[in-house]
Amino acid sequence: METQELTLEQAQIPIWKSIREAIRGSHQDFTQGSLNRAILLLAIPMVLEMVLESLFAVVDVFWVGRLGADAVATVGLTESLMSLVFAVGLGLSLSTTAMVARRIGEKDPEGAAVAGVQAIAIGLAVSLLVGIPCFFFAPQLLKLMGASQQIIATGSGYARIALGGSGAIMLLFLNNAIFRGAGDAAIAMRLLWVSNIINLILDPCLIFGWGPFPKLGVTGAALATLTGRSIGVLYQFYRLLRGSERIRILRSQIRLALPVLLRLLRVSLTGILQFAIAHTSWIGLVRIVSIFGSAALAGYTIAIRIVIFVLLPSWGLSNAAATLVGQNLGAKQPERAEKSVWRTGFYNMLFLGGIGIVFTIFATPIVSLFTHDPQVVPLAASCLRIISYGNIAYAYGMVMLQAFNGAGDTVTPTIVHLFGFWFLEIPLAYVLAIPAHLHSNGVFISIVIAEGAIAVAGMILFRRGRWKLQRI
């Protein structure tokens, strides 16, 4: 009766008040009360967080596009290499969110803080192991990806900074995963405000040498982004130590807790493999597209950056579903967890479906905001239009698979990704692009088909409900 009264009371709250509460930070217990309101309070800051995260990529390509196709191709090749870093960061993040959310659902904030510390320790170790070699071997890595000598000469500085400073990305992901798991999504959002404002200011200054800044060209874009992210990470540490209502890391908790660390690492390894499978498949796609020259590669890079700009907000909705799954499983409410996922998937479908219609109709004008190269524009517009056909599939697929991760079941999405990306997408991209003579369009079509198959598999497996029995 008490829960029903609470639900009725919350249902009467005007939506604008809920939006304001979501942006400021909510104190609601997400395992009780109105489910729609819980989704709204979590999703708004998470969506805004992902919009801000995607701004890094969009702002960079907006300014770098003024430097020519080689500069844009440099960004595209480096981003494909950084996909491995993203895979590790996302894999660690999803297990961190799942474990922190489960402890919060069990009303154990100290356990959540200890789990957060172990995640940061793993992130620091991985950052050093990845960043140092990548800094020294960046030119060789570009060559391995099929870059021409001109691209290597232009982009080595960009690749060194972007790959060598990948630890900032890792820690930014992990710290925000702690806040998201705890339900402090508004804090994660505000942290990215700080990083993005710095990046927005520094990007054109360092690329074109405005004011007192040196003219660094494409290298300046990497330096601006690294500076913004690094300052954001420092602010994250400050907020974690200062604490919030939901989570605070005490100095006495800054230590290795081996049982927790090993448990987190076990779940993370599958999560890392899950995202490594997905992200390395993009390396394979880039390698196929690069066969058709710098214009095709630049068009692909611009279109994918635009797609990511709208997919990341959808990823924010998926993160909201993951947090609700983790907290409600911790509170022994699996049916509420399941209901939250289907409802979030429907909202995501409405959002991405609408975006897909806009991109299909206005692909060329949208692409023209980033480049006026007559060779690049039609290729980028074609890529954007074709990929947008699969938006409804992406919407449901990402929510379903992220729900498994929120429950701590990282194995199921890993298997789905393996079959979807490596056994279907990559071979299909090659066949359609080269033997079928569809060129780069063949690669884009393969993305839509593979993502559709992944979405269907995700929904079927989610409906079976084995994820409800997962322990973490």
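In this text, all values refer to a predicted model and were calculated from it rather than measured experimentally. (Residues numbered from 1 in each chain as written. Predicted model: local features only at pLDDT ≥ 70, side-chain atom pairs only at ≥ 80, totals over all residues. Heavy atoms only, no water.)

Asker: What is the right way to look at the overall build of the protein chain in this model?
Answerer: Helix and strand counts for the protein chain stand at 18 helices and 0 strands. The C-alpha radius of gyration of the protein chain comes to 22 Å, within 12% of the 23 Å expected for a compact globule of 472 residues. Counting only C-alpha atoms, the protein chain reaches 65 × 45 × 40 Å along its principal axes. Within the protein chain, buried positions represent 61% of all 472 residues. Considering only contacts within the protein chain whose residues lie at least 6 apart along the sequence, 80% involve residues at least 24 apart. Of the roughly 18700 Å² of accessible surface on the protein chain, 69% is carried by carbon and sulfur atoms. (Helix = DSSP H or I, 4+ residues; strand = E, 2+ residues; numbered from the N terminus. Rg over C-alpha atoms; globule rule 2.2 N^0.38 Å. Buried < 20%, exposed > 50% of the residue type's maximum accessible area, 1.4 Å probe, protein only. Contact = heavy atoms within 4.5 Å. Areas by Shrake-Rupley, 256 points an atom, 1.4 Å probe, with all protein chains shown as cover.)

Asker: Whenever I open this one, helix H10 (residues 218–242) confuses me. Can you help?
Answerer: An α-helical segment advances 3.6 residues per turn. Residues three or four places apart therefore align on the same side. Helix length check: H10, at 25 residues, gives a terminal C-alpha distance of 37 Å against a target of 36 Å (1.5 Å per residue), a fit within 8%. Trailing H10 by a residue or two, Gly243 shows a phi angle of about 90 degrees, which is positive. (Expected span 1.5 Å × (residues − 1).)

Asker: Hey, could you run me through the confidence of the model for the protein chain in this one?
Answerer: When pLDDT drops low, the exact placement of atoms in the prediction is not to be read closely. Per-residue confidence for the protein chain gives a mean pLDDT of 87; residues scoring 70 or more make up 96%. Segment residues 1–11 is flagged for pLDDT under 50; beyond a separation of four residues in sequence, or across chains, it makes 9 contacts in the model. (pLDDT = per-residue confidence, 0-100.)

Asker: Just checking my understanding: could you explain the side chain of Ser440 for this structure?
Answerer: Here Ser440 is to be found in helix H18 (residues 440–464). With relative accessibility at 5%, the residue Ser440 sits in the buried group. Discounting chain neighbours no more than four positions away, the residues touching Ser440 are Phe292 and Leu379.

Asker: How should I be thinking about the pattern of salt bridges in this particular structure?
Answerer: Here the idea is simple: oppositely charged side chains can pair when their charged atoms come close. Summed over the entire model, instances satisfying the criterion amount to 5 salt bridges. Measuring nitrogen to oxygen at the nearest pair gives 3.6 Å for the salt bridge that ties Arg246 to Asp184. Linking Arg246 in the loop between H10 and helix H11 (258–290) with Asp184 in the loop between helix H8 (166–182) and helix H9 (185–208), this pair joins segments that are 62 residues apart in sequence. Just as Arg246 is buried, Asp184 falls in that class too. (Salt bridge = Lys/Arg side-chain N within 4 Å of Asp/Glu carboxyl O.)

Asker: Any chance you could explain the packing of aromatic side chains here in plain terms?
Answerer: Two measures describe an aromatic ring pair: the distance that separates the ring centres and the angle between the ring planes. All told, the structure shown has 15 aromatic pairs when counted by the stated rule. With centroids separated by 5.8 Å and ring planes inclined at 70 degrees, the aromatic side chains of Trp63 and Phe208 adopt a geometry described as edge-to-face. Residue Trp63 is located in helix H3 (residues 35–64), and its partner Phe208 is located in helix H9; the two are separated by 145 residues in the primary sequence. With a centroid separation of 4.8 Å and 10 degrees between ring planes, the pair formed by Phe462 and Trp467 is classed as stacked. Judged by relative accessible area, which is 0%, Phe462 ranks as buried. Among the aromatic residues, ring-to-ring pairing joins Phe62, Trp63, Phe208, Trp210 and Phe370 into one connected group. (Phe/Tyr/Trp six-rings, centres within 6.5 Å; stacked < 30°, edge-to-face > 60°.)

Asker: Which parts of the structure should I look at to understand unusual backbone geometry?
Answerer: Glycine aside, residues mostly have negative phi angles, and peptide bonds mostly take the trans form. One non-glycine residue, Lys332, lies in the positive phi region at around 60 degrees. Relative to the elements of secondary structure, Lys332 occurs in the loop between helix H12 (294–330) and helix H13 (334–361). The phi torsion at His439 lies on the positive side, around 55 degrees, for a residue other than glycine. Along the polypeptide, His439 turns up in the loop between helix H17 (411–433) and H18. Under the relative-accessibility criterion, His439 is labelled partly exposed at 44%.

Asker: Is there a simple way to think about the environment of Leu369 in this case?
Answerer: Examined against the element boundaries, Leu369 turns out to sit in the loop between helix H14 (363–368) and helix H15 (376–388). For Leu369, a relative accessible area of 54% corresponds to the exposed category.

Asker: What should I look at first to understand a nonpolar patch on the surface in this one?
Answerer: Side chains of Ile15, Trp16, Ile19, Ile23, Leu48, Trp193, Ile197, Leu200 and Ile201 sit close together on the surface and give an oily, nonpolar patch of about 820 Å² of accessible area. At the level of secondary structure, the elements contributing two or more residues to the nonpolar patch comprise helix H2 (15–24) and H9. With respect to the secondary-structure elements, Ile19 resides in helix H2. (Patch = residues over 30% accessible without salt bridge, like charges linked within 9 Å, V, L, I, M, F, W, Y side chains within 5 Å.)

Asker: Honestly, the packing of H17 against H18 in this entry has me stumped. Any pointers?
Answerer: Angle between the axes and distance between the axes are the two parameters that describe a pair of packed helices. One way to put it is that H17 packs onto H18 with a least axis distance of 8 Å and a crossing angle of 155 degrees. By the angle between their directions, the pair H17 and H18 is classed as roughly antiparallel. Handedness of the crossing formed by H17 with H18: right-handed. Residues Thr412, Val416, His417, Gly420, Phe421, Leu424, Glu425, Leu428, Ala429, Leu432 and Ala433 of H17 touch H18, and the partners they reach there are Gly442, Val443, Ile445, Ser446, Ile447, Ile449, Ala450, Glu451, Ala453, Ile454, Ala457 and Leu461. (Axes fitted to C-alpha atoms, helices over the stretch in contact; angles between N-to-C directions. Parallel < 35°, antiparallel > 145°, perpendicular 65-115°, else oblique. Left-handed = near helix turned anticlockwise from the far one by under 90°.)

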